[in-house]
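Fold and geometry: a report
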Amino acid sequence: MEAAGEGVRFRPAGDGALLVELGEGIDPVTHRRVMGLWRSLLERPVPGMAEAVPGYRSVLVTWDPEAADGRRIREEVARRVQGLAASRPVGGRRVAIPVVYGGPFGPDLEAVAARAGLAPDEVVRRHAAGRYIVYMLGFLPGFVYLGGLDPTLAMPRRPSPLPRVPAGSVAIGGSQTGIYGAGGAPGGWHVIGRTWVRLWDPGRRRPALLRPGDRVRFVPASAEQAPPGWAEAVLEAAPVRRAG
Amino acid sequence: MAALVVLHGGLLTTVQDAGRPGHLAEGLAPAGAADRFMLACANWLVGNPAEAAALEVTLDGPVLQASGDLVMALAALEGEWHAGEPGQALPLWEAVLVRDGTVVTVGAVRQGVRAYLAVAGGIAVPPVLGSRSTHLRAGIGGLHGRALAAGDRLPVGRPAEPPGRLAGRRLPAHLRPHRRSGPIRVMAGPQADAFSRRGLRTFYNARFRVSPRADRMGVRLQGPPIQARDGYDIVSEATAPGSVQVTGDGQPLVLLAERPTTGGYPKIATVITADLDVMGQLRPGQWVRFVEVGEQEARQALAERRRRLEAVRAWLMSQPPGRPLVVATPAGVYRVD
């Protein structure tokens, strides 16, 4: 591990990758530095590098060790970090995402409300009042990690994961909120709503609609506002659970 | 168009090529063959480019019927395949001419876990994001993003040469990959400093057993718990291929082709690129050890892998397009001398 000023650490990640750590925790300042390096690498890739992948506080730079010289890439990335403008604006896009909260679309809304000691409507109000930043995509295809959740809505993960979380599910896990892009995989977060916007579409050249650095807000919507057929498909797949 | 009709999918048979890099920042791991060395060998045997789409067979293979005359080869550390029922054995590591209508059964993979069945012309399913590789968790690529099942029909591309001229190529035993008994070579991981001296000693000195929970996402290992200094949580960050995560129970999990692209477990080590093929062949119940190497050794190991691959390619390219030596037909298998 080498230090390079201001808490920058270069961590080894094998013969085909390097991890550049730009801060300590999950916060907007570190995020801006991460975005600064990531965008710089996207706009002007270091010769030989393959991909740059942002995390909360780091950027992973990968290359094909058969074709590229790892030492050169490390040196060039280090130079790039030195040249990072301290307060480069994040400059992400602003995106409003309609969400149908509760019911079959958000089966965990009531549990989240009960735990937070709030009415479900108040959970929705606070969640939709948030101004979120896409910190990163990852773990699952198209999963969007958002920073900026109202701390009163924070909630430990589910003790046992849901077997199949549908695409577009908006969920809370720990102090974060996120959206399941691809869907179909198990998930440990509490699902409080769902959007009909196709955030993940492998038919697109770039399957993920949202990118790290984008600004997101949620707009409460009713199922009637969704495109024809969407709500019906949801209801068919997940009938409303009735008490008793 | 020639095709393979699936009569039985086998345990987990997927279409794989070299994978689809370029989407890590969107949360999508590249997928692709777990043993790229073996994929290349199988493809070259039938005259394909090294990275053409082939079938990755897991432990127990599929039953397939040729629609059209096809040239096929099966690469495996140890395994078997046969034509017809009850069946006549077909040779491994050899391009076989399989006549229209012949039923071919890939049996058990007896060493390693994965075998590669290549067809001249390649499996011609439509590419998704530039690759035909099946990504099971994302549900894309291959055939509808899933493993093969009875009733599927896999289109086969047009081979570079007519079937009669491709068949007969054979890779001699000394050029085939063999099960390697040495330790898996790793470099220090991004969070090696998150482990106590004792934890690091445990990782490098202990033997670990491959858990039954080993799949295309990763290989989970069982052994003495590896001690971390301050718990097993880090701020989530992107993962490199071959990352060795240590999960909350102190057990290592080596990430492979369908890895989660980010993760919040500390990574004690990273398997070097040259040893990823070996990782992809670890069999549940098998014992493994790890040894730390430096950058230079990793580079030498990769150069050695390239030399071995080049030797395979050179041998197969130098073979004149022979007569078909083994021909499988619906009526039986015969050898042409």
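Residues numbered from 1 in each chain as written. Chains lettered and ligands numbered in written order. Predicted model: local features only at pLDDT ≥ 70, side-chain atom pairs only at ≥ 80, totals over all residues.

A few words on the overall build of chain A. If you tally the helices and strands in chain A, you get five helices and twelve strands. Against the 2.2 N^0.38 benchmark of 18 Å for 244 residues, chain A shows a C-alpha radius of gyration of 20 Å, consistent with a compact globule. In terms of overall dimensions, chain A has C-alpha extents of about 65 × 35 × 30 Å along its principal axes. Out of the 244 residues in chain A, the part that is buried amounts to 46%. Within chain A, contacts between residues at least 6 apart in sequence are counted, and of these 61% link residues at least 24 apart. (Helix = DSSP H or I, 4+ residues; strand = E, 2+ residues; numbered from the N terminus. Rg over C-alpha atoms; globule rule 2.2 N^0.38 Å. Buried ≥ 20, exposed ≤ 12 C-beta atoms within 10 Å, placed from the backbone. Contact = placed C-beta atoms within 7 Å.)

The next point concerns the overall build of chain B. Counting its regular elements, chain B contains five helices and 23 strands. Here chain B has a C-alpha radius of gyration of 21 Å; the compact-globule value for 337 residues is 20 Å, and the two agree. Expressed as lengths along the three principal axes of its C-alpha atoms, the size of chain B is roughly 65 × 40 × 35 Å. Out of the 337 residues belonging to chain B, those deemed buried represent 55%. Considering only residue pairs separated by 6 or more positions, chain B has 78% of its internal contacts joining residues 24 or more positions apart.

A word on the interface of chain B and chain A. At the interface, 36 residues of chain B touch 42 residues of chain A. When residues of the side of chain B that touches chain A are traced back to their parent elements, those giving at least two are β12 (184-188), β15 (237-238), β18 (262-263) and α5 (295-318) of chain B. It is α5(B) that provides the largest number of residues to the side of chain B that touches chain A, a total of five residues. Partitioned by chemical class, the residues of the side of chain B that touches chain A number 18 nonpolar, eleven polar and seven charged. (Nonpolar A, V, L, I, M, F, W, Y, C, P; charged D, E, K, R; others polar.)

Once that is clear, we can look at the sheet that holds strand β13 (residues 208-214) of chain B. Residues and elements named next belong to chain B. With mixed pairing, the eight strands of this open sheet are ordered in space as β20-β13-β14-β17-β16-β19-β12-β21. The open sheet terminates on both sides in strands that have one partner only, identified here as β20 (287-288) and β21 (290-292). Two strands pair when backbone bridges link them, and strand β16 (residues 243-246) and strand β17 (residues 252-255) are joined in this way by three bridges, in the antiparallel orientation. Bridge assignment links Q245 to a residue of β17, and that residue is L253. Of the strands in this sheet, β19 (267-271) and β21 are in contact with helix α3 (residues 197-205), which crosses β21 at around 120°. (Pairing = 2+ DSSP bridges. Axes fitted to C-alpha atoms, helices over the stretch in contact; angles between N-to-C directions.)

Further remarks concern unusual backbone geometry. Following E85(B), the chain continues into P86(B) via a peptide bond in cis, with omega recorded as 10°. With respect to the helices and strands, the residue P86(B) is situated in the loop between β6 (78-83) and β7 (88-90). Backbone geometry at F139(A) places phi at a positive 65°, although glycine is not the residue there. Here F139(A) is to be found in the loop between β7 (132-137) and β8 (144-147). Residue classification places F139(A) among the buried residues on the basis of 20 C-beta atoms within 10 Å. Its identity as a non-glycine residue notwithstanding, A31(B) has a phi of 55°, on the positive side. Inspection of the secondary structure assignment puts A31(B) in the loop between β2 (14-16) and α1 (36-45). Residue classification places A31(B) among the buried positions, given that 32 C-beta atoms sit within 10 Å.

If you look at the biggest cluster of nonpolar residues, it comprises 174 residues, and the most contacted ones within it are V61(A), A42(B), M72(B), Y116(B) and L117(B). Looking at this core element by element, the count peaks at eight residues for α1(B). Beyond its immediate sequence surroundings of up to four residues, Y116(B) is in contact with A33(B), M38(B), L39(B), A42(B), A54(B), L55(B), E56(B) and A75(B). (Core = buried A, V, L, I, M, F, W, Y, C linked by C-beta atoms within 7 Å.)

The subject of this paragraph is the sheet that holds β6(B). Residue and element names in this part refer to chain B. Strand order in the open sheet formed by six strands is β7-β6-β9-β4-β1-β11, with antiparallel pairing between adjacent strands. The open sheet is flanked by β7 and β11 (153-155), the only strands paired with a single partner. For this sheet the average axis-to-axis angle between neighbouring strands, irrespective of direction, equals 30°. Summarising the sheet, strand β4 (residues 63-67) and strand β9 (residues 103-111) pair through three bridges and their orientation is antiparallel. Across the sheet, residue V63 finds its bridge partner in β9, namely T105.

Now for the environment of Y334(B). Within the secondary structure layout, Y334(B) lies in strand β23 (residues 332-335). Residue Y334(B) is classed as exposed on the basis of its C-beta count, with 12 C-beta atoms lying within 10 Å.

The next point concerns the packing of α1(B) against α5(B). All names here are of chain B. At a closest axis distance of 10 Å, the pairing of α1 and α5 adopts a crossing angle of 10°. The orientation of α1 with respect to α5, classified from their angle, is roughly parallel. On α5, the residues that touch F37, A40, C41, W44 and L45 of α1 are R305, L309, V312, R313 and L316. Residue composition of the contact of α1 with α5, by class: eight nonpolar, no polar and two charged. (Parallel < 35°, antiparallel > 145°, perpendicular 65-115°, else oblique.)

A few words on the pairing of β13(B). Residue and element names in this part refer to chain B. Sheet topology places β13 next to β20; two bridges connect them, and they run antiparallel. By the bridge assignment for β20, R209 is matched with W287. Here β13 pairs with strand β14 (residues 218-222) via three bridges, running antiparallel. Bridge pairing in β14 places V210 opposite L221.

With 99% of its residues at a pLDDT of 70 or more, chain B has an overall mean of 95. This complex was scored by the predictor with a pTM of 0.94 and an ipTM of 0.95. (pLDDT = per-residue confidence, 0-100.)

Let us look at helix α2 (residues 70-82) of chain A. Residue and element names in this part refer to chain A. Over its 13 residues, α2 runs 18 Å from end to end, which matches the ideal 18 Å to within 8%, given 1.5 Å per residue. For α2, the set of buried residues is G70, I73, V77 and V81. Seen from one end, α2 has its buried residues packed into an arc of 75°, which puts them on one side. Along α2, the residues that are exposed and aim more than 90 degrees away from the buried face are R71, E75, R79 and Q82. (Expected span 1.5 Å × (residues − 1). Arc of directions from axis to C-beta.)

All right, on to the pairing of β14(B) then. With four of five residues buried, β14(B) lies mostly within the body of the structure. Between the antiparallel neighbours β13(B) and β14(B) lie three residues.

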